[in-house]
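# Structural features, examined
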Amino acid sequence: PPPPHELLDPPLAKFLVTKVRSWRTGYRRIVSLHAHHFATIETESFGETNRYPYAGVKAITAPAGEEECVVVEVADGERLKLRLSRRPELMTELLRLRASSAVAMAKRARGRTFLDGPAAEAGEDGAPSFRCARRGRTGGRTPCRLVALPHALRETDP
């Protein structure tokens, strides 16, 4: 049977990787992707070794000259260098899940104020949106709405 934590939050994808270290030889791990976090799992005992929330992921990069590596930088400054043959799939899924996790967090925060600013309202695809005014070159103001998407801010009509 699956571990108890997987019953509540089942993995969406799993990848067999080699975790690369500069100070010791690399070792095999399973990277398990979930809705709001990813985890590394030991290949012999299948025990979870680390868990990282997507909100704490600073960067996901592909190092130049290393076709099979992905580097994931997390909030505490830790860098995970992972080697695998399916690099595009892992990067795509990590980026997609990080973005969808950010949207889910924004949806839960809807109605709260951010830094004493205006309350968020439902916008495109459930993303938070804010009423604001755009300042023109001559100093005039035009009412508009900003929609906070995972990858950009989009201006729309009020």
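Residues numbered from 1 in each chain as written. Predicted model: local features only at pLDDT ≥ 70, side-chain atom pairs only at ≥ 80, totals over all residues. Heavy atoms only, no water.

Below, the discussion takes up the sheet that holds strand β7 (residues 79-83). Adjacent strands of a sheet pair through backbone hydrogen bonds, lying either parallel or antiparallel. The strand order across the open sheet built from seven strands is β4-β3-β2-β1-β7-β6-β5, with neighbouring strands paired in antiparallel fashion. Edge strands, defined here as strands with exactly one partner in the open sheet, are β4 (48-53) and β5 (57-61). In this sheet, adjacent strand axes meet at a mean angle of 30° when their direction is disregarded. Bridge count for strand β1 (residues 13-20) against strand β2 (residues 27-33) is seven bridges, and the pairing is antiparallel. Across the sheet, residue Phe-15 finds its bridge partner in β2, namely Val-31. (Pairing = 2+ DSSP bridges. Helix = DSSP H or I, 4+ residues; strand = E, 2+ residues; numbered from the N terminus. Axes fitted to C-alpha atoms, helices over the stretch in contact; angles between N-to-C directions.)

Okay, the pattern of salt bridges next. One pass over the structure, following the stated rule, counts four salt bridges. Close ionic contact of Glu-155 with Arg-134 constitutes a salt bridge, the shortest N to O distance being 2.6 Å. Here Glu-155, found in strand β11 (residues 153-156), pairs with Arg-134, found in strand β9 (residues 128-135); they are 21 residues apart in sequence, far enough to count as distant. (Salt bridge = Lys/Arg side-chain N within 4 Å of Asp/Glu carboxyl O.)

All right, on to the side chain of Thr-40 then. By secondary structure assignment, the location of Thr-40 is in strand β3 (residues 37-42). Separated by 2.6 Å, the side chains of Thr-40 and Thr-49 make a polar contact. With residues near it in sequence (within four places) discarded, Thr-40 still touches Arg-29, Ile-30, Val-31, Gly-47, Glu-48, Thr-49 and Asn-50. (Polar contact = N/O pair within 3.5 Å; in protein donor to acceptor, adjacent residues only side chain to side chain. Contact = heavy atoms within 4.5 Å.)

By themselves these figures say nothing about function.
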